[in-house]
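Chain and residue survey
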Amino acid sequence: MYAIIGGSGLAKLTVLEAPRRQVMRTPYGEPSGALTFGRLAGADVVFLARHGYGHTLAPHEINYRANIWALKELKVEGVISVATVGGIRADLGPGVLVLPDQIIDYSHSRKATFFEGSENPVIHVDFTLPYASSLRAALLAAAARCGEPLVDGGVYGCTQGPRLETAAEIERIARDGGDMVGMTGMPEAVLAREAGLAYATLGVVVNHAAGRGTSREQIRLEELDRVMSETVTRAVRILLAFFGGADA
Ligand code: HPA
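Before going into details, it helps to say that this report is about the structure given with it.

Thresholds applied
- Residues numbered from 1 in each chain as written.
- Predicted model: local features only at pLDDT ≥ 70, side-chain atom pairs only at ≥ 80, totals over all residues.
- Heavy atoms only, no water.
- Salt bridge = Lys/Arg side-chain N within 4 Å of Asp/Glu carboxyl O.
- Helix = DSSP H or I, 4+ residues; strand = E, 2+ residues; numbered from the N terminus.
- Contact = heavy atoms within 4.5 Å.
- Expected span 1.5 Å × (residues − 1).
- Buried < 20%, exposed > 50% of the residue type's maximum accessible area, 1.4 Å probe, protein only.
- Near = heavy atom within 4 Å.
- Polar contact = N/O pair within 3.5 Å; in protein donor to acceptor, adjacent residues only side chain to side chain.
- Areas by Shrake-Rupley, 256 points an atom, 1.4 Å probe, with all protein chains shown as cover.
- Phe/Tyr/Trp six-rings, centres within 6.5 Å; stacked < 30°, edge-to-face > 60°.
- Lys NZ or Arg CZ within 6 Å of the ring centre and 35° of its normal.
- Pairing = 2+ DSSP bridges.

**Looking at the pattern of salt bridges**
- On inspection of all chains with the given rule, the structure shows 12 salt bridges.
- Measuring nitrogen to oxygen at the nearest pair gives 3.4 Å for the salt bridge that ties D179 to R89. With a gap of 90 residues between them, D179 in the loop between helix 3 (167-176) and strand 10 (180-182) and R89 in the loop between strand 5 (78-87) and strand 6 (97-99) connect regions that are remote in the sequence.
- Within this structure, R89, D91 and D179 form a network of salt bridges that share partners.

Given below as structure tokens:
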């Protein structure tokens, strides 16, 4: 069974068949909401709304440890995260789907490890390649099968939010090598690594990042919703192809 963590624009996975909800508790507190079990293209999946079902949790308020711990307890095979991002690289405009292959973390003050406290030995996990290559490859193959363009690779810069970035901050992230910017990629990815779970992010570009393209003067928030729902629908098609195999 795979887990899907849905971000903004994917608080409910309406294509899930026979859904049933289960509240879980963890040593780190409660996940963002009840976990929803169901079937997608014939496969068992569990879905979690990252920001809560009513989208009430800001990126820095999300209990990433509880979310990942719950999925670890369920012994999921892997975690597919769907996350909206702002595009920095020229080819990552609104409406593009992208599969990042690297992360730079600019977030702070978040609980970012399971390995702390006197009862836990410190363990330094390898994070050279933050996303699982096998899961990335399977998502690329699924996108090819259903004919949805999916950009292979890019550096995800994770900012603290909840405000959007300044143009100068985006310039800096671009100089660092960042291709897209989001607020929830970390510590989710590293906690999945610590938990031994394969993890990949399906990035949904909903706007040009601050100071770029159509966001030169400002980011027009009212336009994000339309792009988001259209593009998330295409991300869900990739998920259906991923779970449905060859004939999806
Ligand atoms: N910045 C940070 N996070 C985001 C953005 C952005 O421009 N768009 C969607 N998530």
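The structure having been displayed, the exposition proceeds.
**Details of the side chain of T184**
- Tracing the chain through its elements places T184 in the loop between strand 10 and helix 4 (185-194).
- Apart from the residues lying within four places of it in its own chain, the contact partners of T184 are R50, H51, P59, I62, Y64, A83, R110, Y156 and C158.

**Some remarks on helix 5 (residues 221-244)**
- In a regular helix each residue adds 1.5 Å, so 24 residues correspond to 34 Å; helix 5 covers 34 Å between its end C-alpha atoms and thus fits that length.
- Where helix 5 is concerned, the buried positions are L224, V227, M228, T231, V232, A235, V236, I238, L239, A241, F242 and F243.
- Within two residues after helix 5, G245 carries a phi angle of roughly 75°, on the positive side.

**With respect to the site of the ligand**
- Every residue close to the ligand is listed here: T84, V85, G86, L164, E165, V181, G182, M183, V206 and N207.
- Take G86: an N or O atom from its main chain is 3.3 Å from a nitrogen atom of the ligand.
- Interatomic distance of 2.8 Å between a side-chain N/O atom of E165 and a nitrogen atom of the ligand.
- When the ligand is considered free in solution it has 260 Å² of accessible area, and contact with the protein chains removes 93% of it.
- Looking at the shell around the ligand, the elements that each hand over two or more residues are strand 5, strand 10 and strand 11 (198-208).
- With three residues, strand 5 is the largest single contributor of residues to the shell around the ligand.

**A short note on the packing of aromatic side chains**
- Counted by the stated rule, this structure contains seven aromatic pairs.
- Between Y131 and Y199, the aromatic rings sit 6.2 Å apart at their centres with planes inclined by 15°, giving stacked as the arrangement. Within this pair, whereas Y131 is found in the loop between strand 7 (102-105) and helix 2 (133-146), its partner Y199 is found in strand 11, the two being separated by 68 residues in sequence. Like Y131, the residue Y199 is buried in the burial classification.
- Residues F242 and F243 carry aromatic rings whose centres are separated by 4.8 Å and whose planes lie at 80° to one another, so their mutual orientation is edge-to-face.
- By relative accessible area, which is 12% here, F243 ends up buried.
- An aromatic cluster is present here, built from Y2, F242 and F243 joined pairwise through their rings.
- For the cation-ring pair, R21 lies above Y53, with the distance from its terminal atom to the ring centre recorded as 4.0 Å.
- Over the ring of W69 we find K72; its NZ or CZ atom is 5.9 Å from the centre of that ring.

**Some remarks on the pairing of strand 4 (residues 43-49)**
- When you tally the buried positions in strand 4, you get six out of seven residues, the bulk of the element.
- Where strand 1 (residues 2-6) meets strand 4, five bridges bridge the pair, whose relative direction is parallel. Bridged to I4 within strand 4 is F47.
- Where strand 3 (residues 35-40) lies against strand 4, five bridges are found, and the strand directions are antiparallel. Within the sheet, the bridge partner assigned to L40 lies in strand 4 and is A43.

**Some thoughts on unusual backbone geometry**
- Of note, the bond from G161 into P162 is cis; its omega dihedral lies within 30 degrees of zero at -5°.
- Its place among the elements puts P162 in the loop between strand 9 (155-158) and helix 3.
- Of the consecutive residues M186 and P187, the connecting peptide bond is found in the cis state with omega at 10°.
- Tracing the chain through its elements places P187 in helix 4.
- Here K75, not a glycine, exhibits a phi torsion of approximately 55°, which is positive.
- Summarising the element assignment, K75 is placed in the loop between helix 1 (64-73) and strand 5.
- The exposure class assigned to K75 is exposed, which follows from its relative accessible area of 72%.

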